Amino acid sequence: MIRFDDPAAGHLPYWLFTVCLPFLWCLAMALARGYDPRIVGLGSDEFRRVFDGAVGLTAGIAILAYATKGDLARGYVLIALPCAAVLDLAARYALRKRLHRQRRRSGVFMRRVIAVGHSDGLTDLITELRRVPHHGLKVVGACLTAGPARSQVGAVPVCGGLERVQSAVSDLAADTVAVLACPELNGTKLRELAWQLEKTGTGLCVAPAVLDVAGPRTTIRPVAGMPLLHVDHPELTGLRWVIKDVFDKVSAAAALLVLAPLMAGIVLAIRRGDGGPAIFRQTRVGKDGRPFMVCKFRTMVVDAEARKAALLTHNDGDGVLFKMRNDPRITPVGAWLRKYSLDELPQLWNVLKGDMSLVGPRPALPAEADLYGDYVRRRLVVKPGITGLWQVSGRSDLPWEEAVRLDLRYVENWSLALDLQILWKTWAAVLKGSGAY
């Protein structure tokens, strides 16, 4: 401010602009709906609104300065507003992490939800919301639209049928009603329910039958008075995938150069352990079912594959995966490498060759891929990744069905922004070391 404040040059009083900037910033965030309680703690949506507000404020100041011929230094605007945006994003990120920790540990700051729908769908919804409490939704009651009378669904009390929604909201002090797709709740009944909830200010959210489809692929367009949900096909080819491929290869090459000393040290540690080879090569199934040779640091004894048959009865995994929490084939050095996912580093070479991506579904063994049904084979339409949603969500602690669902969610909703978000979260997952065995 001191550098730009030169009254002799006829500039605006920058001290006054600096004092007004926080109020202008709050106004811009309010106009961009950056304080909407529904997006607080959601991450990408909240950050996008902060970015939109910052861009809008910058454009508004620039237009106002041009219209009034105000001599506002461009350097000041280019310093003050980006700094305000960075500080706001950093503060919101820290507060979001704190909010998530409090929700997981104490169950506080949660929205109390009455779920409406069929029992099977309600059970899935309750299970998923319990698994991810950081989203801030807690189902405290259920109303069944069809089926036999039940006292509980997913350990949540059943309050009755559709006619009991309003009273359930009152009795259980709920603030949100979540309606799942069901034929019994047509447009007229849903409208009547919305009118009832409007009187008490209770929130209403409707879950469509289409699952695991991200917001950018969906658009609500009114047709003949009906709000139709249009779902775009996922982008599996084109320019964005070329950009992803270039980003992967450039990043992999840079990572190999930076991590070369660490990788050399790991090679020496493995060789000194039992004298066997440091690199383990194994056939995996890549994009469109094409096999390739994956490279990893060896974490097991040399004859690990020969010993596997004797350990099949001790499988701790489910589905088609073989996992053991205390696998006797893992070497001491290998256990440490697995805990921090350092055994995956040679896969950077696979990325450089084009067999893998930095982010993608888990690379499957041929024996696993042979057991895939048509639904699971959908994960093979993209390159496998070194990391992915499965790794940042729990790694081997996840059940097979959940791992598949996360892989399919990535395939259906890929974007470069999602890749960057997963890469960022990978550091926390690796340092935590949980779910790695």
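You'll find the structure just up there.
Notes on the structure in this doc start here. Just so you know, these numbers come straight off a predicted model, no measurement behind them.

## Some remarks on the overall build of the chain
For step 1, the next point in the chain: Within the chain one finds 14 helices and 12 strands.
For step 2, the next point in the chain: Expressed as a percentage of its 437 residues, the buried residues of the chain come to 39%.
For step 3, the next point in the chain: Within the chain, contacts between residues separated by at least 24 positions form 67% of all contacts whose residues are at least 6 apart in sequence.
For step 4, the next point in the chain: A total accessible area of about 24,700 Å² is found for the chain, and carbon and sulfur atoms account for 63% of it.

## Considerations on the sheet that holds strand β4 (residues 156-160)
For step 1, the next point in the chain: On the basis of which strands lie adjacent, the open sheet formed by 6 strands has the order β3-β4-β2-β1-β5-β6 and mixed pairing. In this open sheet, the two strands that pair with only one neighbour each are β3 (152-153) and β6 (203-207).
For step 2, the next point in the chain: In this fold helix α4 (residues 119-131) packs onto β1 (111-117), β2 (137-144), β3, β4 and β5 (176-180), with an angle of close to 170 degrees to the strand it touches most, β2.
For step 3, the next point in the chain: This element, helix α6 (residues 187-200), spans β5 and β6 of the sheet and lies at about 155 degrees to β6.

## Brief notes about helix α2 (residues 44-67)
For step 1, the next point in the chain: With 24 residues, α2 extends 34 Å between its outermost C-alpha atoms, agreeing within 8% with the 34 Å of an ideal straight helix rising 1.5 Å per residue.
For step 2, the next point in the chain: All buried positions along α2 are accounted for by Glu 46, Arg 49, Val 50, Gly 53, Ala 54, Leu 57, Ile 61 and Ala 65.
For step 3, the next point in the chain: Following α2 by one or two positions, Lys 69 adopts a phi angle in the positive range, close to 55 degrees.

## Some details on the nonpolar core
For step 1, the next point in the chain: The biggest cluster of nonpolar side chains holds 19 residues, and the ones touching the most others in it are Val 351, Met 356, Leu 358, Ile 386, Tyr 410 and Ile 422.
For step 2, the next point in the chain: Those elements that provide at least two residues to this core are α7 (239-274), β10 (291-297), α10 (347-353), β11 (357-359), α13 (400-413) and α14 (416-432).
For step 3, the next point in the chain: Considering each element in turn, this core owes the most residues, 3 residues, to α13.
For step 4, the next point in the chain: Once residues lying within four places of it in the same chain are set aside, the contact partners of Ile 386 are Glu 344, Gln 347, Leu 348, Val 351, Met 356, Ser 357, Leu 358 and Gln 391.
For step 5, the next point in the chain: By size, the runner-up hydrophobic cluster in this structure holds 16 residues, among which are Met 29, Val 50, Ala 54 and Ala 73.

## A closer look at the environment of Leu 262
For step 1, the next point in the chain: Residue position: Leu 262 is located in helix α7.
For step 2, the next point in the chain: In this structure the C-alpha to C-alpha distance between Leu 262 and Leu 342, which are 80 residues apart in sequence, comes to 9.6 Å.
For step 3, the next point in the chain: Excluding its chain neighbours within four sequence positions, the residues that come into contact with Leu 262 are Leu 342 and Leu 345.

## Re the side chain of Arg 284
For step 1, the next point in the chain: With respect to the element layout, Arg 284 can be found in strand β9 (residues 279-285).
For step 2, the next point in the chain: No salt bridge is formed by the buried Arg 284, whose closest oppositely charged neighbour, Glu 368, lies at an N-O distance of 6.2 Å.
For step 3, the next point in the chain: When neighbours within four sequence positions are excluded, Arg 284 is seen to be in contact with Arg 290, Pro 291, Phe 292, Val 294, Lys 296, Pro 363, Ala 364, Leu 365 and Pro 366.

## Focus: the pattern of salt bridges
Note that side chains of opposite charge can pair when their charged atoms are close.
For step 1, the next point in the chain: The full count for this structure, using the stated rule, is 18 salt bridges.
For step 2, the next point in the chain: Two residues, Arg 49 and Asp 36, come together in a salt bridge whose shortest N-O distance is 3.7 Å. You can see Arg 49 sitting in helix α2 and its partner Asp 36 sitting in the loop between α1 (14-31) and α2, a full 13 residues away along the chain.
For step 3, the next point in the chain: Linked by salt bridges that have partners in common, Glu 46, Asp 88 and Arg 92 make up one network.

Rules of the game
Residues numbered from 1 in each chain as written. Predicted model: local features only at pLDDT ≥ 70, side-chain atom pairs only at ≥ 80, totals over all residues. Heavy atoms only, no water. Helix = DSSP H or I, 4+ residues; strand = E, 2+ residues; numbered from the N terminus. Buried < 20%, exposed > 50% of the residue type's maximum accessible area, 1.4 Å probe, protein only. Contact = heavy atoms within 4.5 Å. Areas by Shrake-Rupley, 256 points an atom, 1.4 Å probe, with all protein chains shown as cover. Pairing = 2+ DSSP bridges. Axes fitted to C-alpha atoms, helices over the stretch in contact; angles between N-to-C directions. Expected span 1.5 Å × (residues − 1). Core = buried A, V, L, I, M, F, W, Y, C linked by side-chain atoms within 4.5 Å. Lys, Arg positive; Asp, Glu negative; His and termini not counted. Salt bridge = Lys/Arg side-chain N within 4 Å of Asp/Glu carboxyl O.

All quantities given are derived from atomic positions and should not be read as evidence of function.
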